[in-house]
Structure formats: structure tokens, C-alpha cells
Amino acid sequence: MVVQGILWILYGLLLQPEPGTATLPLLMDSVIQALAELEQKAPATEAGHTASAWLLSAQDSCAHNPLHHFLLEGQNLKTTKLDPPSLSPELQGLIVEVARHDAGVTFPDVGATVRDERATSPGLRDTSSDVTCADVGAVSPDVIATDLDVGATFPDVRPGSPHVQVTSPDVQASSADTKANFPTTVDSLLVVTLARDLGLNFLQGPQTWSHSLGTEGCWDQLSVPRTFTLLDPEASTLTTAFLNGALDGALLGDYLSQSPEPRPPLSRLLSQYYGAGVAGDPGFRSNFRRQNGAALTPTPILTQQVWGALILLQRLEPAHPQLQGMSQEQLAQVATHATKEFTEAFLGCPAIHPRCRWGAAPYRGRPTPLQLPLGFLYVHHTYVPAPPCTDFERCAADMRSMQRFHQHTRGWDDIGYSFVVGSDGYVYEGRGWHWVGAHTLGHNSRGFGVALIGNYTAELPAEAALRAVRDELPRCAVRAGVLRPGYALLGHRQLVRTDCPGDALFNLLRTWPHFDKNVKPRTARRSRRSRRRLPPTILLATDLQ
């Protein structure tokens, strides 16, 4: 693929600048600005190579990584050497920070302006330095999709051929104990950006299989980010930023491999992808990377690539501590499980912005823990704000506005909802999975309250928002053990005398799986005698909010 791995420059190679260093802010806008300047200063015939110049001083760092060295050798990768004085001091500083570091990083992985969604989805890159070689190879426009079915013939391992089969004297076909056919080729850039790390992450044994993928984190501040902190330092090293980068590289590479010449400049492509959508398509942007990634790489294909990466690494590094003594069947089982976890726990779940990302004020007092798993999902609309929010800047502002109203006007401890869903493709954490909310009077401790931003009395939310509430959020909650498999879905009006979640949305809810039609609405227009109640329950103090 043409640019698969570009995003490792953007996601995995920007460090906080040292004091006194002249550099651009660590935002996606800065990366796009830098690429645009490089493209303008490079000769037109070499403009497609300019991104590689970011890593001129890092190319030698791949010598210690046999897998990357093997897969990228012979690709005739080039870089464009630019005269440093011709670049602005800020750009020089940014390039130096990119090219010289070889450790873990903190960088807002999507962004154009700091108050926009595109600037505030940060993450921590894997602490290994070997990704830099893949980056250098991935940004060359000479490398196209058909050139990347690179393999190795075993036991005679030879690099440099565009179509070399992967065969093994031990396993020639599908094993009865595995779920995937033996891989015959590997996609070199998919291997170095995702498959290798995905496989190694699950090689440590079943005790690590329960570690969640996609660890989130937050910056100390959004305007001038300096310090990034993971929310769960003990979780998987495959952070959200790492996985986002792999998906973005795959999606953009696939797009460019099918684009006719002349291909668009990388700065323009990234600006569109992290903006309103590539070539005017709002569905092809970073907000929907999980859905697009799932469609691009079917599970059987990814399983083969992970398996092939482990086989290749085992042959190239016989002394690798995690691979010694592993049979092909064992590697296949690891690949199958790793892909299943990635597909179900990451691709199949909605992207949830944590509280620290949208700028939540602290909880007042001490939250009450929920007794999990719960049996209900209550659907709301916010009514006010009435307009649906379609980008992070607006959605985050709506979240802060609702929290202020709930805390200062209502006198509640926090924003009432468990989660809030925008029309931008994201879910926003309110009180979350573990704390009692203030969303459904009398029933707060029995279910999660999920609100869609907007007034849905006469119109419906965006399909992405509906999909998150109907399918993705409850499916992942059940998988995580916080929501019972047989949960009941109810509209707010079925339990409280209100018109929420709006006539249009409620009529749609009636057609959804898990909707409990036996609980009759209790709207303000109905008399108390006509309401059907749920079985009596002991109410917590928080249920009265």
C-alpha cells in the first residue's frame, strides 16, 4: 500500500519538545503544515518522497530489527534531501524531534485545531524504536499495493522479491486445531505496522489475553499539550493511538493504491482525512476508522497476516524469547485469538472519548458504585442542545454545557448520563460503566442512561449515532460483563412522565432488538392510572435524582 505506515510518523514519532526547542505544537495541524511546506520546497518530480525526509537520520535504526529490514529491503525506497536552512525554524525543530527520537511518544493522534476532535485523540506509542524503518518505507509513492505481497521462502530466507511465497516444512495446509489456512504470503507493511505487534502482544500467554486493547489517555492541557498520561498504565501496549495509526495507514494506503495519477499530495490527503472527509466523502474520515477498517480487512485475512508475521519473525530470529519452542499450531492459535480480540474488542466497539478529553469538571462528592452487571439500557435525547453535533469541538462544548447545567442548576454531582452519543461518530463518557448516574428517576441504579445529542421529536439522529446505541455500545458492554446479555432497552418515557426521547426516536426504538414493549410509556399526556410499572425495587438515594 502506498502510505501504509505514514501514520506511524504522525502517531508514533513525535515527542514533547525539550524546553527552549523551537518547534511547532504537537498537533496534527503541525504535521500537515510541515508536510505542505516540504512538498512546496521539494522539486515537483520528487514531491511524493518528501515525507521520507522526516526520517533521514532514523534509517539506520532498523538494523537491529530483522523483520523490518527483511520486508523492506529491495523496495528501492528513496528520500528527498532538503537543505535545512531553507525550512522555517519551527519546521526544523519539528523534523528534528521526529527524526532523532527512538522511544515511546505522546502525540494527539488526530487533529487540526486543538479544540477540534481532530486534535484531541491522543495516545502513547509502543516503546520500541524499530517502527522507524517501516515509516521510511511506507511513505514512498514507488511502493504500491501489488508490490507488498512480500514473503520468505523457508528455510532459505531471501528478501527483495515482490512475490515470494511463505512455505513451511512443518505445516503445509490448514491444521485441524486452527481456524485459518496456513499463510502463503504476507503484506509487508501490514506486518510491520499491525500484525507483528498484535501477535507479539498475545504471545505472552493466556494471562495477558484479558488485557484490554486500545488503552486511552489524556493530555495535561488541550491548548498546548505537554504531558500525556495513560488511563490504565497496566493495560495492553497496543494503545488507541497505535491501533488508530495502523488503521489509518491501511485505509489511506488502500485509497491511494486505487487512485489514478497524479495522486494527491499527502498534506491535502491528511487534511481531508482528519477533516470533513477525503474527496468530499464524510464517511471516509478518521471518525469512522473502525467501521471502515473492519470492512477493509476481513478477520480470516488478518488472522493469516498475524500468523505469517509470527512465522517470519520466528525464522528470522530463532532466539526470540517469545517464539522459542512455539509450534506452528500454537502460533496459529495465538494469531486466531489476537485477531478475534482486535476485531471484537476494538473494531466492533465504538470509540469512546474519556471525560478528560472533553474537558469534564470534577465529580462533586463521592460517586456511588453500580452493582454490575445491569439489566437495562435507557435511551434519552438531550432536547437541549437541540442541534446534533457533527464534530468534536461542538460535541465537547455540548458536554461541558450539559455538565454545568446538571451541576449548577440541577444541583447534581455530575453530568447525569452514563454516556452521550454525538453525530460525529463518537461516544462521550459521562458517569461511565461503574458509577450510578442521574438520568432516569427511580431507576438510575438499575440501568445505564445513554443520551443522543439533539432534539428527536420530529427527526432521527444520524445513522452512525443510531448504530452506536443500537448495536456497538450494548454489544461491547455485554462482552465486558457490565450489561446482561438479556438486557431490556427502554425509552426514558416508559419510566418517567416525559416526552423524552422524542416521538421520532421512540417510534424507531420500538423496532429495535431488546426493546421491552411491555412497559407502557408514561408521557406527560398520560394519566397516572394508565401507566404500567416495573416491579418494585429498593431505591438508592441516587435514584431520586
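Residues numbered from 1 in each chain as written. Predicted model: local features only at pLDDT ≥ 70, side-chain atom pairs only at ≥ 80, totals over all residues. Heavy atoms only, no water.

- In the nomenclature of an unreviewed UniProt entry, the chain corresponds to N-acetylmuramoyl-L-alanine amidase isoform X2 from the organism Balaenoptera acutorostrata.
- UniProt annotates the chain under Sequence similarities (unreviewed entry) with the comment "Belongs to the N-acetylmuramoyl-L-alanine amidase 2 family." (UniProt positions renumbered as here; feature names shortened; annotations may be inferred.)

1. A word on the state of the cysteines
Then, number 1: Counted by the stated rule, this structure contains three disulfides.
Then, number 2: Disulfide pairing places Cys-349 opposite Cys-476 at an S-S distance of 1.9 Å. Disulfide Cys-349 to Cys-476: torsion about the S-S bond roughly -115 degrees, handedness left-handed. Residue Cys-349 is found in the loop between α11 (328-347) and β5 (352-353), and its partner Cys-476 is found in helix α14 (residues 463-480); the two are separated by 127 residues along the sequence.
Then, number 3: Cys-349 gets classed as buried once you look at its relative accessible area, which sits at 14%.
Then, number 4: When its relative accessible area of 11% is taken as the criterion, Cys-476 is described as buried.
Then, number 5: Here Cys-389 is linked by a disulfide to Cys-395, with a sulfur-sulfur distance of 2.0 Å. On the sign convention where negative means left-handed, the S-S torsion of about 95 degrees between Cys-389 and Cys-395 marks this disulfide as right-handed. (Disulfide = S-S within 2.5 Å. Helix = DSSP H or I, 4+ residues; strand = E, 2+ residues; numbered from the N terminus. Buried < 20%, exposed > 50% of the residue type's maximum accessible area, 1.4 Å probe, protein only.)

2. So, the side chain of Thr-215
Then, number 1: Examined against the element boundaries, Thr-215 turns out to sit in the loop between α6 (188-201) and β3 (217-219).
Then, number 2: Dropping the residues within four chain positions of it, Thr-215 is found in contact with Leu-230, Asp-232, Ala-235, Ser-236, Leu-238, Thr-239 and Thr-240. (Contact = heavy atoms within 4.5 Å.)

3. Structural notes on helix α9 (residues 289-296)
Then, number 1: Within α9, the full set of buried residues consists of Arg-289, Arg-290 and Gly-293. Relative to the axis of α9, the buried residues are bounded by an arc of 95 degrees and lie together on one face. (Arc of directions from axis to C-beta.)

4. Let's talk about the nonpolar core
Then, number 1: Leu-198 and Phe-342 are the most contacted members of the largest nonpolar core, which totals 38 residues.
Then, number 2: Elements that contribute at least two residues to this core include exactly α3 (66-72), α6, α7 (240-257), α10 (299-316) and α11.
Then, number 3: Counting 28 residues, the second largest nonpolar core, distinct from the first, contains Phe-448, Leu-466, Ala-477 and Leu-505. (Core = buried A, V, L, I, M, F, W, Y, C linked by side-chain atoms within 4.5 Å.)

5. Structural notes on the environment of Phe-506
Then, number 1: One can find Phe-506 in helix α15 (residues 503-509).
Then, number 2: A residue is classified by how much of its surface remains accessible, and Phe-506, at 1% relative accessible area, is buried.
Then, number 3: Each C-alpha atom, one on Phe-506 and one on His-381, is 9.7 Å from the other, the two residues being 125 residues apart in sequence.
Then, number 4: Excluding residues within four positions of it along the chain, Phe-506 makes contact with Gly-491, Arg-493, Gln-494, Pro-501, Phe-515 and Pro-521.

6. Topic: the confidence of the model for the chain
Then, number 1: Here the chain shows a mean pLDDT of 74. Residues at 70 or above account for 65%.
Then, number 2: Overall, residues 52-63 carries pLDDT values under 50, and its contacts beyond four positions in sequence, including any with other chains, amount to 37 contacts.
Then, number 3: Note on residues 526-544: pLDDT under 50 across the span, and 35 contacts to partners over four residues away in sequence or across chains. (pLDDT = per-residue confidence, 0-100.)

7. A word on the pairing of strand β6 (residues 374-381)
Put simply, side chains in a regular strand alternate between the two faces of the sheet.
Then, number 1: Across the eight residues of β6, eight count as buried, placing the element largely inside the fold.
Then, number 2: Sheet analysis places β6 next to strand β10 (residues 483-491), joined by five bridges and oriented parallel. Residue pairing in the sheet places Val-379 in a bridge with Gly-491 of β10.
Then, number 3: Looking at chain direction, β6 and strand β9 (residues 447-452) are connected through six bridges and run parallel. The partner of Phe-376 across the bridge, within β9, is Gly-447. (Pairing = 2+ DSSP bridges.)

8. Considerations on unusual backbone geometry
Then, number 1: That bond from Val-384 to Pro-385 is cis: its omega, 5 degrees, falls within 30 degrees of zero.
Then, number 2: Looking at where Pro-385 falls in the secondary structure, it is placed in the loop between β6 and α13 (392-409).
Then, number 3: Cis geometry is adopted by the peptide bond preceding Pro-501, which originates at Cys-500 and carries an omega value of 15 degrees.
Then, number 4: Position of Pro-501 among the secondary structure elements: in the loop between β10 and α15.
Then, number 5: Residue Tyr-383 is not a glycine yet carries a positive backbone phi of 65 degrees.
Then, number 6: Considering the arrangement of structural elements, one finds Tyr-383 in the loop between β6 and α13.

9. Thoughts on the packing of aromatic side chains
Then, number 1: This model, assessed by the stated rule, comprises nine aromatic pairs.
Then, number 2: Between Phe-342 and Phe-346, the aromatic rings sit 5.8 Å apart at their centres with planes inclined by 15 degrees, giving stacked as the arrangement. Here Phe-342 and its partner Phe-346 are both found in helix α11, four residues apart, which amounts to about one turn of the helix.
Then, number 3: On the numbers, 6.0 Å between centres and 20 degrees between planes, the contact of Phe-376 with Tyr-378 is stacked. The exposure classification of Phe-376 matches that of Tyr-378, with both residues buried.
Then, number 4: Linked through ring pairs, Tyr-255, Tyr-273, Tyr-274 and Phe-284 together constitute an aromatic cluster.
Then, number 5: Taking the ring centre of Phe-346 as reference, the NZ or CZ of Arg-290 above it sits at 3.8 Å. (Phe/Tyr/Trp six-rings, centres within 6.5 Å; stacked < 30°, edge-to-face > 60°. Lys NZ or Arg CZ within 6 Å of the ring centre and 35° of its normal.)

10. Quick look at the environment of Gly-430
Then, number 1: Its location among the elements puts Gly-430 in the loop between β8 (427-429) and β9.
Then, number 2: Judged by relative accessible area, which is 0%, Gly-430 ranks as buried.
Then, number 3: Note: C-alpha distance between Gly-430 and Tyr-417 (13 residues apart in sequence) is 5.6 Å.
Then, number 4: What Gly-430 contacts, discounting residues up to four positions off in sequence, is Arg-355, Asp-414, Ile-415, Tyr-417, Ser-418 and Phe-419.

11. With respect to the environment of Arg-394
Then, number 1: You can see Arg-394 is positioned in helix α13.
Then, number 2: Judged by relative accessible area, Arg-394 falls into the partly exposed class, the value being 44%.
Then, number 3: In sequence terms Arg-394 and Gly-422 are 28 residues apart; their C-alpha atoms lie 9.3 Å from each other.

12. Some details on the pattern of salt bridges
Then, number 1: Applying the stated criterion across every chain, the model contains 13 salt bridges.
Then, number 2: The partner of Asp-197 in a salt bridge is Arg-196, and the shortest N-O contact between them spans 3.4 Å. Take Asp-197 and Arg-196: they sit in the same class, and that class is buried.
Then, number 3: A salt bridge links Arg-467 to Glu-472; the shortest N-O distance between them is 3.3 Å. (Salt bridge = Lys/Arg side-chain N within 4 Å of Asp/Glu carboxyl O.)

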